[in-house]
Amino acid sequence: MRRTTFRVPDMDCPEESRPIERRLRATAGVEDLAFNLVAGTVTVAHRAPVQAIVEAIREAGFEAHP
């Protein structure tokens, strides 16, 4: 399992993190999430490819950069 931190520039409040959390929890291979709203990041423990996580965040309506 890997841990990758993704910068999500437009995420800075709980209302914005919720759709990201829902989408990532539905993604196969995502084990755990840790949000830092002040820094605008989400750290993901995963077995899924990084690109799959970026796509899931994009599907939630946000850009993400590992």
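Refer to the structure presented above.
Read on for an overview of the structure. The written sequence of each chain sets the order in which its residues are numbered from 1. The predicted nature of this model means local features are confined to residues of pLDDT at least 70 and side-chain atom pairs, given and counted, to a pLDDT of 80 or more, with totals for whole chains, interfaces and linings taken over all residues. Hydrogens and water are ignored here; the side-chain numbers use all heavy atoms of the structure.

Before going further, it helps to examine the environment of Gly61. Each helix corresponds to a stretch of at least 4 residues labelled H or I by DSSP, and each strand to a stretch of at least 2 residues labelled E; elements are numbered beginning at the N terminus. Looking at where Gly61 falls in the secondary structure, it is placed in the segment after helix 2 (50–59). Relative accessibility decides the category of a residue: with a 1.4 Å probe and only protein chains considered, values under 20% of the type maximum give buried, values over 50% give exposed, and everything between is partly exposed. Its relative accessible area of 59% is what places Gly61 among the exposed residues. The spacing of Gly61 and Thr5 is 56 residues in sequence and 18 Å in space, taken between C-alpha atoms.

The next thing to look at is the pairing of strand 2 (residues 30–36). Both faces of the sheet carry side chains from a regular strand, because those side chains alternate between them. Strand pairing is assigned whenever DSSP detects at least two bridges linking the two strands. Where strand 2 meets strand 3 (residues 41–46), 6 bridges bridge the pair, whose relative direction is antiparallel. Residue pairing across strands places Val30 opposite His46, the latter belonging to strand 3. Turn length for the strand 2-strand 3 hairpin, with the two strands adjacent in sequence and antiparallel, is 4 residues, and the turn residue Gly40 shows positive phi of about 70°.

Before going further, it helps to spend a moment on the sheet that holds strand 2. The 3 strands lie next to each other as 1-3-2, forming an open sheet whose pairing is antiparallel. Strands at the two margins of the open sheet, each flanked by one partner only, are strand 1 (2–7) and strand 2. Taken over all neighbouring pairs, the strand axes of this sheet differ in orientation by 20° on average, direction set aside. Relative to strand 3, strand 1 is paired through 6 bridges, and the arrangement is antiparallel. In the sheet register, Arg3 faces strand 3, and the bridge partner there is Ala45. Contact between two residues is taken to exist if any of their heavy atoms lie within 4.5 Å; hydrogens are not considered. Convention adopted: a line fitted to C-alpha atoms gives each axis, helices being fitted over their contacting stretch, and angles between N-to-C directions are expressed from 0 to 180 degrees. Running over the sheet, helix 1 (residues 14–25) touches strand 2 and strand 3 and is turned about 165° from strand 2.

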